[in-house]
Amino acid sequence: MLVNDLPAHERPRERLMASGGAALADRELLAVLLGSGFRGAGAVELAARVIEHCGDLGELARAEPHRLLAVRGVGPAKAARVAAAFHLVRRAQAGPERARITGSSDLAEVTAPLLRGHTRERLAIVVCDGQGGILRRTVLTEGGADHTLFPVREIITTVLTMGGAAFGVAHNHPAGTLSPSHADLTATTRLAEAADTVGLRLLDHLIITDTAWRRIPNP
């Protein structure tokens, strides 16, 4: 059956966008890469033939483009697209290990460049995976010389949207004091409670100055 003959919610590309790659079979993921089939056969059927021609998905991942040209319906463009996709995966796997947060000093190191040297308070967030690998770091808010917003809901939403499992936050004190204010302590408590409610792990909340940093104890 041709992909265009399928209901929209059953088409591989639409299902990938709606449910993610885990919801698709190997042949459906490959069909998205191929883009189209050939006369009388849809992209999913062509993908199944390509996998069968190579033997299995592992062999397909190692196949050179010219090997795929032996499959009817696969031209140079499709063969190159598939080979390029697998090469990108290998490069990603062979790349440098993602920076990790293993303690308060790591969080201070990655947030300090975002906070030091500024005359206004800023709140930075670092989103991590379950092993502490950094997925994203960014400045979430910027306020005045002695305060900034601490939007608990926005922080939690940012972590969930990024697919994070853990996160750390830090804010600067432009005046140079490392003492947490009552608002700092209250915000830490609220954030820890909110994170626990949705199954996230708050790694730390730090105060950063131009010369030092301090951890605000989690409740």
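First, a word on what this report is: a plain description of the structure on this page. Since the structure is predicted, the reported quantities are computational estimates derived from the model, not experimental observations.

### A short note on the pattern of salt bridges
Pairs may arise between side chains of opposite charge once their charged atoms sit close together. What the rule picks out here adds up to seven salt bridges. The partner of Glu28 in a salt bridge is Arg15, and the shortest N-O contact between them spans 2.5 Å. Of this pair, Glu28 sits in helix H2 (residues 26-34) while Arg15 sits in helix H1 (residues 12-19), placing them 13 residues apart in sequence. The exposure class assigned to Arg15 is partly exposed, which follows from its relative accessible area of 22%. The network of salt bridges with shared partners includes Glu59, Arg62 and Arg67.

### Focus: the environment of Ala112
On the secondary structure map, Ala112 appears in helix H7 (residues 104-115). Between the alpha carbons of Ala112 and Glu142 there is a distance of 15 Å; along the sequence they are 30 residues apart.

### Section: the side chain of Lys78
On the secondary structure map, Lys78 appears in helix H6 (residues 76-94). For the buried residue Lys78, which engages in no salt bridge, the nearest side chain bearing the opposite charge is Glu45, 14 Å off. Once residues lying within four places of it in the same chain are set aside, the contact partners of Lys78 are Leu34, Ser36, Gly37, Leu46 and Gly73.

### Points about the side chain of Asp106
For Asp106, the position within the fold is in helix H7. Buried Asp106, no salt bridge; nearest opposite-charge side chain is Arg100, N-O distance 9.4 Å. The contacts of Asp106, once residues within four sequence positions are left out, are Arg100 and Ile101.

### Side note on the environment of Ile216
Among the secondary structure elements, Ile216 is positioned in strand E5 (residues 213-216). Looking at Ile216, the relative accessible area reads 1%, which means it is buried. Each C-alpha atom, one on Ile216 and one on Ala47, is 54 Å from the other, the two residues being 169 residues apart in sequence. Dropping the residues within four chain positions of it, Ile216 is found in contact with His171, Pro180, Asp184, Leu185, Thr188, His205 and Ile207.

### Things to note about H2
Looking only at H2, the buried set comprises Glu28, Leu30, Ala31 and Leu34. Looking down the long axis of H2, one finds its buried residues gathered within 160° of arc, a one-sided arrangement. Backbone geometry just after H2 places Gly35 at a positive phi near 90°.

### So, the packing of H1 against H2
A pair of packed helices can be characterised by two numbers: the angle between their axes and the separation between those axes. Closest axis-to-axis distance for the H1/H2 pair is 9 Å, and the angle between their directions is 110°. Our classification of the angle between H1 and H2 gives roughly perpendicular. Between H1 and H2, the residues in contact are Pro12, Arg13, Arg15 and Leu16 and Glu28, Leu29 and Val32, respectively. Broken down by class, the residue content of the contact of H1 with H2 amounts to four nonpolar, no polar and three charged.

### Overview of the sheet that holds strand E1 (residues 122-128)
Taken in spatial order, the five strands line up as E2-E1-E3-E4-E5 in an open sheet, and their pairing is mixed. Looking at which strands have only one partner, the edges of the open sheet turn out to be strand E2 (134-142) and E5. If you compare each strand with its neighbour and ignore which way they point, the axes differ by 20° on average. Looking at chain direction, E1 and strand E3 (residues 166-172) are connected through six bridges and run antiparallel. Looking at E3, one finds that Ile125 is bridged to Val169.

Rules used throughout
- Residues numbered from 1 in each chain as written.
- Predicted model: local features only at pLDDT ≥ 70, side-chain atom pairs only at ≥ 80, totals over all residues.
- Heavy atoms only, no water.
- Salt bridge = Lys/Arg side-chain N within 4 Å of Asp/Glu carboxyl O.
- Helix = DSSP H or I, 4+ residues; strand = E, 2+ residues; numbered from the N terminus.
- Buried < 20%, exposed > 50% of the residue type's maximum accessible area, 1.4 Å probe, protein only.
- Lys, Arg positive; Asp, Glu negative; His and termini not counted.
- Contact = heavy atoms within 4.5 Å.
- Arc of directions from axis to C-beta.
- Axes fitted to C-alpha atoms, helices over the stretch in contact; angles between N-to-C directions.
- Parallel < 35°, antiparallel > 145°, perpendicular 65-115°, else oblique.
- Nonpolar A, V, L, I, M, F, W, Y, C, P; charged D, E, K, R; others polar.
- Pairing = 2+ DSSP bridges.

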